[in-house]
Amino acid sequence: MRRRGRAAWLLLLALKTFGFQEGDPEGPPGMACYQMGPSGGMNCSWPSPPGPEANTTYTLHYQSLKLIRDQSRSSQAPAGRRWVVIERGRLRHNEEYAVWVEAGGGTQIAPRLTLTLHEIVKPEPPELGLVELTPVVTVNWTNPRWPQHSPLGLACDLRYRMSGAPNWTRVHEEDMEPNSYEFSSLEPFSAYEAQIRCIPEDRKGFWSDWSPPLTFRTPEDAPQGLVDVWQAAGPPEPGQPSLLLLWKPLDPRAARGVVRGYSITFRAGSNRAESSLDAPCCRASLPASTTHVWISAKNNVGRTPPANLSLERQDLPAPTEVRAVAVQGQALWVTWDPSEDRLEPLEYLVEWAEECGSAKAATLRWVRSPAGTRSTRLTGDFRPRVPYQVRVYGLYPQGFGASAPVRAYTQEGVPSAGPQGLQDRSISKEASVISWEAIPLAQRNGHLAHYTLYLAAPTGSPRASRPRAGTRHLLPALDDRLHLHRGRKRQHHPPLPHARFPLGGRPGCPLGGGVPPLPRLHRGSRPPCQVAGPVPEGAAPVVLGEGPGPHPQQDSTARGGRGSLQIPGPVGPGPRPGGAAPHPAGY
């Protein structure tokens with residue numbers, strides 16, 4: 001019985017909470033006892049049993065097992081409490097004890113333990129301090145109170161981590177001095193915390209609690225890496241345009257200290273003379289004739305190697321077939337093909353900015369992509385229903401080549417305004433040109449795919465007609481009322497108030513889609529029917545007929561201008577403006 005009790009105690013001792021190592025699984029529930037320091041009392045605790053005895057009164061019993069067993073002694077815990085402390089004066093140092101706990105009804109609720117005091121000592125936490133920070137970080141510690149005559153010393157366990165990191169790094173015991181340790185692999189200019197605990201060196205006892213965290217910051221070191229630098233057209237300087245140099249702040253891990261500024265050297269003009277300046281983060285205005293730029297970040301210890309931006313040539317082979325599509329309404333996926341001559345650049349750079357902003361540099365962002373890649377994901381603070389202009393650059397030692405820009409939205413919506421300024425202009429006895437003002441880009445809220453024309457008899461309801469691009473179909477008799485609106489996919493803004501024109505329509509007049517370069521004529525004696533749609537944005541006042549519409553990615557309409565189409569039939573004097581009443585309710 002004694003051997004089984006001893007084995008159970010050793011198992012429990014190994015798994016006891018106070019002796020756990022990080023990553024060890026929790027041991028089975030049971031009673032545990034430890035001595036609070038080499039001269040303290042014995043603290044015993046136990047789990048709460050299930051059922052009605054959970055809030056009962058518990059009694060701890062302990063009995064000496066040395067030579068002649070004496071009577072057991074006991075100590076009662078207050079109702080509901082699951083621990084008790086036996087004073088040191090009631091225990092003998094080298095005595096072996098049996099310990100168990102009973103609930104109020106006399107039921108033993110945990111296995112009996114067999115123990116001696118010198119094998120269950122739990123030291124107090126040591127005191128950890130900082131010796132110096134330069135040139136390396138050194139810490140030392142003061143061991144907790146320990147008997148001078150004890151043949152056993154203490155073994156200690158030191159751990160550290162970067163502040164905020166989830167995991168600790170353990171220091172091997174053989175790498176530590178008796179009461180100090182010198183760190184050799186910490187990141188420069190970073191916040192760390194360290195803790196230490198101790199156990200009797202024969203490991204017959206419990207680990208102390210961890211000491212309070214010691215926090216410190218490592219010293220600075222020279223920065224590493226390269227500054228990510230780019231350019232944009234800058235605001236005009238007095239008498240001449242300028243180049244706006246932009247760069248990203250150096251990553252804190254690469255800065256390795258406080259960045260005090262950036263050193264810029266540039267070459268401008270035909271004499272190729274070099275000039276230098278210092279600037280704060282993260283822009284500087286340079287002459288428009290600048291051909292080469294070198295930039296370094298500097299702190300109190302040193303500076304980064306210079307990053308090079310070549311602007312000598314801006315007509316080098318550029319990526320083609322650039323496309324940008326929304327990804328879950330929060331990002332853009334950009335793809336491209338290499339230049340037509342298949343010349344591979346050193347790397348690609350993808351830039352994007354809000355297209356409606358007054359200053360491109362204020363919203364300009366960019367990312368780099370290695371040579372050989374054909375796509376990248378753009379993330380950031382994209383705003384819904386805001387158009388972004390995306391370009392892909394190929395960067396070469398001599399300069400760069402820029403792709404044609406494409407327009408992209410992360411989220412699209414219904415246009416917030418319809419076409420305005422509906423007018424007609426007579427171009428012959430049998431045709432009129434209907435024109436309108438383009439919707440401002442900021443009010444489109446997405447790629448505009450088509451216009452829809454509404455035609456109706458004076459006493460009838462409007463009838464919409466929007467053929468697909470590249471098709472023709474018959475339109476019933478043309479009448480003298482016309483509504484116009486823009487649509488994006490299946491979402492439309494309400495049409496304009498109707499405008500009256502003497503259309504004098506003929507039954508069976510075909511309605512075409514798209515914009516051909518010239519009007520199309522039909523066989524037979526009748527003059528051509530020239531009502532057309534969908535009308536791409538930015539269309540010039542030309543006759544509309546059959547033809548493909550624009551791809552949304554190439555939606556490159558100017559922010560002003562007019563669209564137009566031609567209506568056949570008897571024509572009166574023009575131009576005549578359309579109405580300006582509010583949109584009909586319910587559209």
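What this report covers is the structure whose coordinates are included nearby. Please read all numbers here as calculations on a predicted model, not as lab measurements. (Residues numbered from 1 in each chain as written. Predicted model: local features only at pLDDT ≥ 70, side-chain atom pairs only at ≥ 80, totals over all residues. Heavy atoms only, no water.)

### Some words on the sheet that holds strand S23 (residues 320–327)
As a reminder of what qualifies: Here a strand pair is declared whenever DSSP counts at least two bridges between the two strands. Each helix is a run of DSSP H or I of at least 4 residues and each strand a run of E of at least 2, with the numbering of both proceeding from the N terminus. The convention used is that axes are lines fitted to C-alpha atoms, helices contributing only their stretch in contact, and that angles between N-to-C directions extend from 0 to 180 degrees.
Pairing is antiparallel across the open sheet formed by three strands, whose spatial order is S23-S24-S27. Unpaired on one side and paired on the other, S23 and strand S27 (375–379) mark the two borders of the sheet. In this sheet, adjacent strand axes meet at a mean angle of 20° when their direction is disregarded. As paired strands, S23 and strand S24 (residues 331–337) are joined by six bridges and run antiparallel to one another. Paired with Val-325 across the two strands is Trp-333, which belongs to S24.

### Observations regarding the state of the cysteines
Counted only if it meets this: For this text, the term disulfide refers to a pair of cysteine sulfurs within 2.5 Å. Three labels apply to residues, based on accessible area from a 1.4 Å probe with only protein chains included: buried if under 20% of the type maximum, exposed if over 50%, partly exposed otherwise in between.
Under the defined criterion, the tally for this structure stands at three disulfides. Note on cysteine connectivity: Cys-33 is disulfide-linked to Cys-44, with sulfurs 2.0 Å apart. Looking down the S-S bond of the Cys-33 and Cys-44 bridge, the torsion is 115°, so its handedness is right-handed. Here Cys-33 is found in strand S1 (residues 32–36), whereas its partner Cys-44 is found in strand S2 (residues 42–45), with eleven residues between them in sequence. A relative accessible area of 0% places Cys-44 in the buried class. The disulfide that involves Cys-281 links it to Cys-282, with 1.3 Å between the sulfurs. A relative accessible area of 42% places Cys-281 in the partly exposed class. Using a relative accessible area of 19% as the deciding quantity, one classes Cys-282 as buried.

### Details of the sheet that holds strand S18 (residues 261–268)
Sheet architecture is open: four strands sit in the order S19-S18-S21-S22, paired in antiparallel fashion. Bordering the open sheet on either side are strand S19 (273–279) and strand S22 (307–310), each of which pairs with just one other strand. Between one strand axis and the next, the sheet turns through 20° on average, direction left out of account. For S18 and strand S21 (residues 290–298), the ladder comprises eight bridges, and the chain directions are antiparallel. Paired with Thr-265 across the bridge in S21 is Trp-294.

### Side note on the packing of aromatic side chains
Rules: Centres within 6.5 Å make a pair out of two Phe, Tyr or Trp rings, where for Trp the six-membered ring is used; the pair is then stacked when the planes are under 30 degrees apart, edge-to-face when over 60, and tilted otherwise. The criterion is that NZ of a Lys, or CZ of an Arg, lies within 6 Å of the ring centre and within 35 degrees of the ring normal, and then a charge sits over that ring.
Inspection of every chain in the model, using the stated rule, returns 14 aromatic pairs. Between Phe-183 and Phe-216, the aromatic rings sit 6.0 Å apart at their centres with planes inclined by 35°, giving tilted as the arrangement. Of this pair, Phe-183 sits in the loop between strand S13 (180–182) and strand S14 (191–200) while Phe-216 sits in strand S15 (residues 214–217), placing them 33 residues apart in sequence. By relative accessible area, which is 4% here, Phe-183 ends up buried. Classification of Phe-216 by relative accessible area gives buried; the value is 6%. Grouped by ring-pair contacts, the aromatic residues Tyr-160, Tyr-181, Phe-183, Tyr-192 and Phe-216 constitute a single cluster. Against the face of Trp-83 rests Arg-81, its NZ or CZ located 3.9 Å from the ring centre.

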